[in-house]
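What follows is the residue order along each chain.
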Amino acid sequence: MALQTSADDPVPVARISRLIGEWIDRLGGVWVEGQITQLSRRPGAGVVFFTLRDPSQEISLTVTCFRGVFDQVADVVSEGARVVVHGKPEWYAPRGQLSLRAAEIRPVGVGDLLVRLERLKRALAAEGLFAADRKRPLPFLPHRIGLVTGRASAAERDVLENARLRWPAVSFDVRNVAVQGVHAVAQVVEAVRALDADPAVDVIVVARGGGSVEDLLPFSDERLVRTVAQCVTPVVSAIGHEPDSPLLDLVADVRASTPTDAAKRTVPDVNEELTRVTQLGDRARRAMETFLDREERGLANALSRPAMAEPHRVLDAQEERLAELRLRARRSLSHGLDRAADDLRHTLARVRALSPAATLERGYAVLRRPDGTVIRDAAAVAPEEELHARLAEGELSVVARGAVSPPA
């Protein structure tokens, strides 16, 4: 039942605290999983205090237990360990504090962790976060590399030294974070997001040395995996050694077996590139020399041909042929003209022989009436009829006396 209170009828703090405690008492015993931090075991004290923290959230709960309860797992549980606690929530009314009174503590074994990681792996894979088509290629020569790693760690040294040995001009933006423990996930996520938001950073490398499954758990955290999946900048995962395989390896664009391998994958080797440039220059030079030699041989072969060695020879032959054709044409034309002239003379002679003028020249005359009618029959001429006689040279006017008999 809700309390009926007002400004004129307030409830004392003690009653409110007591009511909260009564409500919490009704919760009963619960099983809670978390990571142990701030472990306090005072010598001679009968109660052990520690904080149980959610590894993926900034939420924690104070836990108390009798020393006998904790001593049962003291050899396998220390600060940073994951445990499952069975306890009852308690409300400490004098201070208004909530805590968990632990009756049993069980360490989370590696087998349990691996089973949970496998379940998470399948769930994230089903969302497509590990798909190959999401992988982005690394730039050939990044100008600035973001490095997320532990402070003064061997992983940081390996990445920086090997990268600068390979390409001395490479620049780094190093973000030192906790790489294990309760703060690791939050710090790594924050560093990755900050580097991804920096347009000057071309590649992000998350590096850590080897460790146990528990030590590498932050790099299989769901929040970190989703953060890397949302990055625009290519991410290289260099966690642990070759056998280690946190979920970060699966979501990253490139998985490096070690931090040293990450440096080799991120930047090219200047000596190898200079050697490659030299080799390419040699190949180009040999290719050009081969091409020039082939073209020179082709040019020499072309120049050695008769047409190129004696270019006027062809013209001389054509000139001789042209002169011969011109002479043949002149001869043919001359013979044709001579034959035509002969034919013309023969034709002219025939025409002249058949011409009336030639007949007249032989002493004949052509008689015609005044109207131009030619007289062909003597009987057709009347006596005393005036006629005209056409001679070879000139004409005569004659009068017919009548027809006469031809001489015997």
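Everything discussed here concerns the structure shown above.
Residues numbered from 1 in each chain as written. Predicted model: local features only at pLDDT ≥ 70, side-chain atom pairs only at ≥ 80, totals over all residues. Heavy atoms only, no water.

**Some points on the sheet that holds strand S12 (residues 386-390)**
Reading across the sheet, the 3 strands line up as S11-S12-S13 and stay open at both edges, with antiparallel pairing between neighbours. What marks the edges here is a single partner per strand, and that holds for strand S11 (366-368) and strand S13 (395-399). The average angle at which neighbouring strand axes cross in this sheet is 30°, direction not considered. Here 3 bridges tie S11 to S12, and the two strands are oriented antiparallel to one another. (Pairing = 2+ DSSP bridges. Helix = DSSP H or I, 4+ residues; strand = E, 2+ residues; numbered from the N terminus. Axes fitted to C-alpha atoms, helices over the stretch in contact; angles between N-to-C directions.)

**A short note on the packing of aromatic side chains**
Using the criterion set out here, one finds 1 aromatic pair in the structure. Ring geometry for Phe 50 and Phe 70: centres 6.2 Å apart, planes at 45°, overall tilted. Residue Phe 50 is located in strand S2 (residues 47-53), and its partner Phe 70 is located in helix H2 (residues 67-71); the two are separated by 20 residues in the primary sequence. Residue classification places Phe 70 among the buried positions, given a relative accessible area of 0%. A cation over a ring is seen here: Arg 101 above Phe 66, with NZ or CZ 5.0 Å from the ring centre. (Phe/Tyr/Trp six-rings, centres within 6.5 Å; stacked < 30°, edge-to-face > 60°. Buried < 20%, exposed > 50% of the residue type's maximum accessible area, 1.4 Å probe, protein only. Lys NZ or Arg CZ within 6 Å of the ring centre and 35° of its normal.)

**Observations regarding helix H9 (residues 270-304)**
Taking 1.5 Å per residue, 35 residues should reach 51 Å; H9 reaches 50 Å between its end C-alpha atoms and fits that length. One side-chain oxygen of the residue at the start of H9 lies 2.9 Å from the amide nitrogen of Asn 271, identifying that residue as Asp 269. (Expected span 1.5 Å × (residues − 1). Polar contact = N/O pair within 3.5 Å; in protein donor to acceptor, adjacent residues only side chain to side chain.)

**Regarding unusual backbone geometry**
One can expect most non-glycine residues to show negative phi and most peptide bonds to be in trans. The residue Ala 152 is not glycine, and still its phi comes out positive at about 55°. Note on placement: Ala 152 falls in the loop between strand S6 (144-149) and helix H4 (154-166). The backbone of Glu 384 sits at a positive phi, close to 65°, despite the residue not being glycine. Note that Glu 384 resides in the loop between S11 and S12.

**Topic: the side chain of Asp 173**
Mapped onto the fold, Asp 173 is located in strand S7 (residues 171-176). Separated by 3.2 Å, the side chains of Asp 173 and Arg 175 make a polar contact. Residues within four places of Asp 173 in sequence aside, it is in contact with Arg 144, Ile 145, Gly 146, Leu 147, Leu 195 and Asp 198. (Contact = heavy atoms within 4.5 Å.)

**Quick word on the pairing of S13**
As judged from the 5 bridges shared by S12 and S13, these two strands associate in the antiparallel manner. Across the sheet, Ala 389 pairs through a bridge with Leu 396, a residue of S13. With antiparallel pairing between neighbouring strands as the criterion, S12 and S13 make up a hairpin whose turn holds 4 residues, including Gly 394 at a positive phi of roughly 90°.

**Structural notes on the nonpolar core**
The biggest cluster of nonpolar side chains holds 29 residues, and the ones touching the most others in it are Val 148, Val 188, Val 206, Phe 219, Leu 248 and Val 251. For this core, the secondary structure elements donating two or more residues are helix H3 (110-126), helix H5 (184-197), strand S8 (203-208), helix H6 (222-229), strand S9 (235-239) and helix H7 (247-251). Here this core takes 6 residues from H5, the largest share from any one element. Not counting residues up to four positions away in its chain, the partners in contact with Val 206 are Val 148, Val 188, Val 192, Phe 219, Val 235, Val 236, Ser 237, Ala 238, Ile 239 and Leu 248. (Core = buried A, V, L, I, M, F, W, Y, C linked by side-chain atoms within 4.5 Å.)

**Quick look at the pattern of salt bridges**
All told, the structure shown has 19 salt bridges when counted by the stated rule. Here Glu 33 makes a salt bridge to Arg 82, at a shortest N to O gap of 3.6 Å. One end of the pair, Glu 33, is in strand S1 (residues 30-40); the other, Arg 82, is in strand S4 (residues 82-92), with 49 residues separating them in the sequence. Classification of Glu 33 as partly exposed rests on a relative accessible area of 35%. With a relative accessible area of 23%, Arg 82 lands in the partly exposed category. Of the charged contacts, one joins Glu 385 and Arg 369 as a salt bridge, the two residues approaching to 3.0 Å between their closest N and O atoms. With Glu 385 in the loop between S11 and S12 and Arg 369 in the loop between S11 and S12, the pair connects residues that are 16 residues apart, well separated along the chain. Take Glu 385: its relative accessible area is 18%, and that puts it in the buried class. Among the residues examined, Arg 369 registers a relative accessible area of 22% and is labelled partly exposed. Look at the salt bridges and you will find they share partners, linking Glu 127, Glu 222 and Arg 226 into a network. (Salt bridge = Lys/Arg side-chain N within 4 Å of Asp/Glu carboxyl O.)

**Quick notes on the environment of His 388**
Relative to the helices and strands, His 388 is located in strand S12. As for His 388 and Thr 373, which are separated by 15 residues in sequence, their C-alpha atoms are 9.9 Å apart. Filtering out sequence-adjacent residues up to four positions away, His 388 remains in contact with Val 366, Leu 367, Arg 368, Arg 369, Pro 370, Leu 396 and Ser 397.

**Digging into the packing of H4 against helix H8 (residues 259-266)**
The relative placement of two packed helices comes down to the angle between their axes together with the axis-to-axis distance. Packing of H4 against H8 leaves a shortest axis separation of 8 Å and a crossing angle of 30°. In terms of their interaxial angle, H4 and H8 are classed as roughly parallel. Seen along the crossing, H4 lies across H8 with a hand that is right-handed. Along its contact with H4, which presents Ala 155, Asp 158, Val 159, Asn 162, Ala 163 and Arg 166, the element H8 presents Pro 259, Thr 260, Ala 263 and Lys 264. Of the residues that constitute the contact of H4 with H8, the class distribution is 5 nonpolar, 2 polar and 3 charged. (Parallel < 35°, antiparallel > 145°, perpendicular 65-115°, else oblique. Left-handed = near helix turned anticlockwise from the far one by under 90°. Nonpolar A, V, L, I, M, F, W, Y, C, P; charged D, E, K, R; others polar.)

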